[in-house]
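Architecture at a glance
Each chain, letter by letter, is given below.
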Amino acid sequence: GSDISLVHSGKLTTCTHLPYAPFQSKEGKKVVGFDVDLVDFIASALKVKQEIVDTPFEGIQSGEDLNANKCDVAAAGMTINEVREKNLDFSTPYFEATQALVTKKGKPYSSLADLKGKKLAVQQGTTGEAYAQKNAKGAELVQFEDLALLLTAVKTGQVDAGVNDNGVLYDYVKDNPDTEVTAEFNTGEQYGIAVRTGNDALRKKINKVLKQVRSDGRYDRIYKKWFGT
Ligand code: ARG
């Protein structure tokens, strides 16, 4: 039978914030990425289709969107942490990440200390922003609404460097050889899929699917597809 009772509109609606390649980004009109494929496995286990809702990260990470029933799940390369756990519930972890530093090639910035008196780009509402606020003493933080704006600012020299998750930065520098990742900060983050607080039925179903796809090779297949190793 179908688990259609676990979703509220006959579809599995996913809140995410674009672009965040290779986890979620637009390819023409379609939204594609690692998270999209992963949530498709969950949708297919529920015998429904996934529908993606692109919405600012702030409403996702604060739990506001989920608790207002804007979506059934949130999958946005979102780090599991204690503050967020107060306002939404996470699945078991599905991906490891750490904060990292991106600059234009040849710039002498390979630690946060090097950015004293310099402009450092952060993405609004993210763990990278919180990390920079705490650790980039003396840098001028410049806030961007999304990753594309942040990366363009780094590339054009509007800022001196940017902080964000390692996976998305390595993906960017691969196609932008005038930029490089110069540091990783070992923040030890893990991504989770979020549901509305107390939605244990859906959360447990997600955990079951995550376990399944790790053991039957589907996780490895999409990992290879998006990370190429
Ligand atoms: N992992 C970081 C966090 O949870 C950044 C996530 C940003 N994701 C996005 N789709 N814009 O704060």
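Cut-off values and rules
Sequence positions are assigned chain by chain, starting from 1 and proceeding in written order. Reporting in this predicted model follows two pLDDT cut-offs: at least 70 for local features of residues, and 80 or more for side-chain atom pairs to be given and counted; totals over whole chains, interfaces and linings ignore these cut-offs and use all residues. Segments assigned H or I by DSSP are reported as helices when at least four residues long, segments assigned E as strands when at least two residues long, and all are numbered from the N terminus. Both definitions apply: the radius of gyration is a C-alpha atom measure, and the globule rule equals 2.2 Å times residues to the power 0.38. With C-beta atoms placed from the backbone, the exposure class of a residue follows from how many other C-beta atoms lie within 10 Å of its own: 20 or more, buried; 12 or fewer, exposed; in between, partly exposed. Contact between residues is assigned whenever the C-beta positions, reconstructed from backbone atoms, fall within 7 Å. Here a strand pair is declared whenever DSSP counts at least two bridges between the two strands. Each axis is a line fitted through C-alpha atoms, taken for helices only over the stretch in contact, and angles between the N-to-C directions span 0 to 180 degrees.

Remarks on the overall build of the protein chain
A count of helical and extended segments in the protein chain gives nine helices and 14 strands. A globule of 229 residues ought to have a C-alpha radius of gyration of about 17 Å, and the protein chain, at 18 Å, matches this closely. On the principal axes, the C-alpha backbone points of the protein chain span a range of 60 × 35 × 30 Å. Taking all 229 residues of the protein chain together, the buried fraction comes to 44%. Within the protein chain, residue pairs in contact and separated by at least 24 positions form 70% of the contacts whose partners lie at least 6 positions apart.

Details of the sheet that holds strand E12 (residues 179–184)
Pairing is mixed across the open sheet formed by five strands, whose spatial order is E10-E9-E11-E8-E12. Of all the strands in the sheet, just strand E10 (140–144) and E12 have a single pairing partner and so form its edges. The sheet shows a mean angle of 30° between the axes of neighbouring strands, taken without regard to direction. Bridge count for strand E9 (residues 119–123) against strand E11 (residues 161–165) is two bridges, and the pairing is parallel. Paired with Ala121 across the two strands is Gly162, which belongs to E11. Here helix H6 (residues 147–156) sits on the sheet and contacts strand E8 (99–104), E9, E10, E11 and E12; the angle it forms with E11, its principal contact strand, is near 145°. Across the sheet, helix H7 (residues 166–175) touches E8, E11 and E12, and the angle it forms with E12 is around 155°.

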